Amino acid sequence: MDRRPGLSARLKLTISYAAFLLLAGVLLLAVVWFFLLRYVPPEAVTVRGECSDPARLCPGTFIPGRGDLMRAFIPKAAVALGFLLVFGLAGGWLLAGRMLTPLHQIAAATRIAAKGSLSHRIRMPGRRDEFRELADAFDSMLEQLEAHVAEHQRFAANASHELRTPLATMQALLEVARREPAPGSEELVERLHYVNAKAVDLTEALLLLSRSGQRTFVGERVDLSLVAEEAAETLLPLAEERGVDIEVAGDFAAAAGSPALLLQMAVNLLHNAIVHNLGENGTVRMATAAEEGGAVLTVENTGAQLTAHLVATLTEPFQRGTRRVRSDHAGVGLGLAIVDNIVRVHDGTLTLTAREGGGLRVEVRLPGSAGS
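Residues numbered from 1 in each chain as written. Predicted model: local features only at pLDDT ≥ 70, side-chain atom pairs only at ≥ 80, totals over all residues. Heavy atoms only, no water.

### Some thoughts on the packing of helix H6 (residues 259–275) against helix H8 (residues 335–345)
The geometry of H6 relative to H8 is characterised by a closest axis approach of 9 Å and an angle of 150 degrees between their N-to-C directions. For H6 against H8, the interelement crossing comes out left-handed. Here Leu261, Leu262, Gln264, Met265, Asn268, Leu269 and Asn272 of H6 come into contact with H8, specifically with Gly335, Leu336, Ile338, Val339, Ile342 and Val343. Looking at the contact of H6 with H8 residue by residue, the class counts come to nine nonpolar, four polar and no charged. (Axes fitted to C-alpha atoms, helices over the stretch in contact; angles between N-to-C directions. Helix = DSSP H or I, 4+ residues; strand = E, 2+ residues; numbered from the N terminus. Left-handed = near helix turned anticlockwise from the far one by under 90°. Contact = heavy atoms within 4.5 Å. Nonpolar A, V, L, I, M, F, W, Y, C, P; charged D, E, K, R; others polar.)

### Focus on the pattern of salt bridges
Pairing between side chains of opposite charge can happen when their charged atoms approach one another. Going through the model one piece at a time under the given rule, you end up with 10 salt bridges. For Glu146, the salt bridge goes to Arg121, with nearest N and O atoms at 2.7 Å. Note that Glu146 is positioned in helix H3 (residues 130–179) and Arg121 in the loop between helix H2 (66–114) and H3, a separation of 25 residues in sequence. Here Glu146 falls in the partly exposed class, since its relative accessible area comes to 32%. For Arg121, a relative accessible area of 14% corresponds to the buried category. Close ionic contact of Arg365 with Glu363 constitutes a salt bridge, the shortest N to O distance being 3.0 Å. Classification of Arg365 by relative accessible area gives partly exposed; the value is 31%. Under the relative-accessibility criterion, Glu363 is labelled buried at 15%. (Salt bridge = Lys/Arg side-chain N within 4 Å of Asp/Glu carboxyl O. Buried < 20%, exposed > 50% of the residue type's maximum accessible area, 1.4 Å probe, protein only.)

### Let's talk about the sheet that holds strand S9 (residues 360–367)
Ordered in space as S4-S6-S7-S9-S8, the five strands form an open sheet in which the pairing is mixed. Each edge of the open sheet is held by one strand with a lone partner, namely strand S4 (244–250) and strand S8 (349–354). Strand after strand, the sheet turns through a mean of 10 degrees between neighbouring axes, direction not considered. Examined bridge by bridge, strand S7 (residues 294–301) and S9 share eight bridges and lie antiparallel to one another. From the neighbouring strand, Glu300 faces S9, where its bridge partner is Arg361. Packing of helix H5 (residues 224–241) onto the sheet brings it into contact with S4, strand S6 (282–291), S7 and S9, and relative to S4 it is tilted by some 170 degrees. Each of S8 and S9 is contacted by H8, which is oriented at about 145 degrees to S8, the strand it contacts most. (Pairing = 2+ DSSP bridges.)

### A short note on the packing of aromatic side chains
Per the stated rule, a full pass over the model turns up one aromatic pair. Relative to Phe87, the ring of Phe83 lies with its centre 6.0 Å away and its plane at 20 degrees, an arrangement referred to as stacked. Of this pair, Phe83 and Phe87 are both found in helix H2, four residues apart, which corresponds to roughly one turn of the helix. For the pair formed by Phe83 and Phe87, the shared burial category is exposed. (Phe/Tyr/Trp six-rings, centres within 6.5 Å; stacked < 30°, edge-to-face > 60°.)

### Here's the deal with the nonpolar core
Residues Met265, Leu269, Leu297 and Val364 are the most contacted members of the largest nonpolar core, which totals 42 residues. The set of elements that each furnish at least two residues to this core consists of H5, H6, S6, S7, helix H7 (308–312), H8, S8 and S9. When residues of this core are assigned to their parent elements, the largest contribution, nine residues, is made by H6. With near-sequence residues (within four places) excluded, Leu297 lies in contact with Leu224, Ala228, Met265, Ala266, Leu269, Met286, Ala287, Thr288, Val362, Glu363 and Val364. Counting residues in hydrophobic clusters, the runner-up holds nine residues, among them Ala113, Met124, Phe138 and Leu142. (Core = buried A, V, L, I, M, F, W, Y, C linked by side-chain atoms within 4.5 Å.)

### Some details on the environment of Val299
The residue Val299 is located in strand S7 in this model. Placed 61 residues apart in sequence, Val299 and Leu360 show a C-alpha to C-alpha distance of 8.1 Å. Residues within four places of Val299 in sequence aside, it is in contact with Leu269, Ala273, Val284, Arg285, Met286, Leu360, Arg361 and Val362.

### Details of a nonpolar patch on the surface
On the surface, Leu7, Leu11, Ile15, Trp93 and Leu94 cluster together to form a nonpolar patch covering roughly 470 Å² of accessible area. Secondary-structure assignment places Ile15 in helix H1 (residues 9–35). By relative accessible area, Ile15 is classed as partly exposed at 41%. (Patch = residues over 30% accessible without salt bridge, like charges linked within 9 Å, V, L, I, M, F, W, Y side chains within 5 Å. Areas by Shrake-Rupley, 256 points an atom, 1.4 Å probe, with all protein chains shown as cover.)

### Describing the environment of Leu262
Relative to the elements of secondary structure, Leu262 occurs in helix H6. By relative accessible area, which is 0% here, Leu262 ends up buried. The spacing of Leu262 and Val343 is 81 residues in sequence and 8.4 Å in space, taken between C-alpha atoms. Once you skip the residues sitting within four places of it in the chain, Leu262 turns out to touch Val222, Leu224, Val227, Gly257, Ile342, His346 and Leu366.

### Quick word on the side chain of Thr298
Its location among the elements puts Thr298 in strand S7. Filtering out sequence-adjacent residues up to four positions away, Thr298 remains in contact with Arg285, Met286, Ala287, Arg361, Val362 and Glu363.

### A look at unusual backbone geometry
Its identity is not glycine, yet Arg123 carries a phi of approximately 50 degrees, on the positive side. Of note, Arg123 is situated in the loop between H2 and H3. Residue class for Arg123 comes out exposed when judged on its relative accessible area of 64%. The phi torsion at Asn281 lies on the positive side, around 60 degrees, for a residue other than glycine.

Laid out in structure tokens, this is it:
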């Protein structure tokens, strides 16, 4: 924004300090005038005392009048006010400079951050005051911005890598089809259809991931037990195809949020639990519970043994458990990342824990709705 040049904050503070000091001096002199000089007679008088010798002229006592005192007082008062003005300007300039030093440090850090360096921190020493609270808040903002930028950079790199594979495969298949149009065309078309479907699924997942992190919904009262049942009905054919049993249990559990996003969250959790399960005789358990101030959704599945290090990375984009699964229902590695986004925009918490016998336990805690 273009602004016309004006007085600096330091100069404004200096003038304010000097004006306040000068005003205090004027008020002090006014007090002297009203409460002291007003009782002095206007004219000077001489009071003569009694002499023991009547023939001798006794000296009298001279009492100055108001005019005499004013002639003596006003020049000295003017000099004092001039001294206060000079002292106020000099002292105010130094004091204002010292007081504004933290702001200069914050401004310098802002300029550094504007150039793209988000690793710089002010770390202003001293006890807490308004300036240090501002500096600490600025450091916290830079830390969060740096984390978000790093996350977005990783996400962009992973997305580019993931999109490059199906696009390159389609390009290669198209070149084969151009060179050899007749033989094996049905198989080639089928492979192209599969790769294209994967690319479309990945694009839709990326769009959903970006939208799920935005709080653009009006919170409603949502029963997580009904959400869990609807998700189970939706994915029941996939579970039967893969030989996985789904168990849904739990009481009424009201949470505040978007019904569509919470259903997407439950579907993603259940899909992840079905796909990353045992080859046969696998089990998925979904349970809901109400607690004070919120609701809990738990999803557990059987499966391979997971390490704590691997579990800690599962909510990052394009992570698919123990290996990159390439099956019809393996997904694109964004399921838990989308769940994490949905939980965060609902002010909830997502906890992933490796089960002792193999598999994963996912617990989602969401704040309750008013009146639940």
